[in-house]
Amino acid sequence: TTTQVGIVGGGPAGLMLSHLLALQGIDSVVVDNRTRWDIEHTVRAGILERDSVRLLVDAGVSDRVLHEGDEHDGIELAFGGASHRVDFKELTGASVWLYPQTSVFMDLADARAAAGADVRFGVTDSSVHDLTTDAPSIRFVDADGTAQEVRCRYVIGADGSRSMCRNEIPETARRQFFREYPYAWFGIICEAPKSAPELIYSHSDRGFALISQRTETIQRMYFQCDPEEDIDAWSDDRIWAELQARVALNGHTLKQGPITEKAVLRFRSFINEPMRHGSLLLAGDAAHTVPPTGAKGLNLALADVRVLAEVLERALRTGDDEVLEEYTDRALDRVWRSQHFSYWMTSMLHRHRDATDFDIQRQVAELRSVVGSRAGSTYLAEGYTGWPVG
Ligand code: DHB
């Protein structure tokens, strides 16, 4: 097969890029080693920034987000025995939408299928070749067991945090930035009504808890746990007791129901620089990972591909690679700010295992400064609802 852009990874980044390129008349092929079923059944985050929603709607991918998603004009920051609302709409004019990443994926996969796009899920043995030439390729074995080759002008690595494409950039040509965190989240899905109209970010002496949502009848909740936590040690009753205890300290009560999913999520910050090497360009988690507090991951991936679709169009139209040099700087400007935002939300809200009384009082004072100051809460609101794409 020959195409203009070969995309490794059929998650939201890869599919949205394929869609945006098609709108500009550019042909692409997408391959992913997961099946569509696997991707649809992996629980991911649920908050879309204002411009992520705009992109889905304006690009004609989904108006389901507007009907089935839920607009949230603010969040509750709960700490020090009380809950404080941060009103994004009033502070910045912007809001966010609760709409699960799996729904974003399904909308994109449906839109690509409806347009007759070449998207291959469930491939094996994928590899990328000749990345420093102007005729790179992707090789793989398709779901029927046939060896395939996609020849293209550019290869996109949108293949997630364990990216195979990223490893093709020689060590001498890249820099990687890491940060580990001594935190993790115990995440659950449960069948219960909403406990509050908006998300609750709760700081407590027992550790952080986040009360999120999925639908009127399904909810998503997390509580801070040890990265080595044993899932089997947590019965439903024990989970509810812990979640209730953490939010009760700040005046909230949760509506309980059967728990249908349990998983431990580890935290990490990571950035690979540059995001371009020859004819290879990275997008989304393949190039960067953020800790989950603030739900920036999917939003960053969508912001990357907006910039990428624009520079690829110029490069293909003019035949001049030079415009691709902009990509790293434009994308990483936002990535680093989001990296800081996620780090800041994480360190303000979580309890460190060695925390002293001083450390905890300092965190509460920081939270009081945020909710007590228009400047402080406006910074949070701008970061949460998302900066404009540069
Ligand atoms: C969700 C995840 C987050 O990391 C967050 O900050 C808010 C919501 C979620 O899964 O709903």
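Please read these numbers as outputs of a predicted model, since none were measured by experiment.

Participant: Which residues make up the domain arrangement of the protein, and what values go with them?
Facilitator: Domain assignment breaks the protein into domain 1 (5-70 + 97-177 + 269-345) and domain 2 (179-267 + 351-385). A C-alpha centroid distance of 29 Å is found between domain 1 and domain 2. Taken together, the contact between domain 1 and domain 2 spans 11 residues of the former and 14 residues of the latter. Residues belonging to the side of domain 1 that touches domain 2 are distributed by class as follows: six nonpolar, three polar and two charged.

Participant: Lay out the sheet that holds strand β12 (residues 154-157) with the relevant residues and their values.
Facilitator: Spatially, the six strands line up as an open sheet ordered β8-β2-β1-β12-β19-β18, and their pairing is mixed. Looking along the sheet, the strands with just one partner apiece sit at the ends: β8 (118-120) and β18 (276-277). Relative to β8, strand β2 (residues 28-31) is paired through three bridges, and the arrangement is parallel. Of the residues in β8, the one forming a bridge with V30 is V119.

Participant: Quick rundown of the site of the ligand? Include the residues and the values.
Facilitator: Residues in close proximity to the ligand include A45, G46, I47, L199, L210, S212, R220, P292, T293, G294 and A295, which together make up its full environment. Residues that form the shell around the ligand fall into these classes: six nonpolar, four polar and one charged. For the shell around the ligand, the two domains that each supply at least three residues are domain 1 (5-70 + 97-177 + 269-345) and domain 2 (179-267 + 351-385).

Participant: Describe in detail the nonpolar core, supporting the description with residues and values.
Facilitator: L17, I156, L281, A283, V305 and L308 are the most contacted members of the largest nonpolar core, which totals 103 residues. At 12 residues, the largest contribution of residues to this core is made by helix α8 (residues 297-318). Among the domains, domain 1 (5-70 + 97-177 + 269-345) and domain 2 (179-267 + 351-385) are the pair contributing at least three residues each to this core. Apart from residues lying up to four places away in sequence, L17 is in contact with I7, I156, A158, A283, V305, L308 and A309.

Criteria and cut-off values
Residues numbered from 1 in each chain as written. Predicted model: local features only at pLDDT ≥ 70, side-chain atom pairs only at ≥ 80, totals over all residues. Domains from an automatic or database assignment. Contact = placed C-beta atoms within 7 Å. Nonpolar A, V, L, I, M, F, W, Y, C, P; charged D, E, K, R; others polar. Pairing = 2+ DSSP bridges. Helix = DSSP H or I, 4+ residues; strand = E, 2+ residues; numbered from the N terminus. Near = placed C-beta within 6 Å. Core = buried A, V, L, I, M, F, W, Y, C linked by C-beta atoms within 7 Å. Buried ≥ 20, exposed ≤ 12 C-beta atoms within 10 Å, placed from the backbone.

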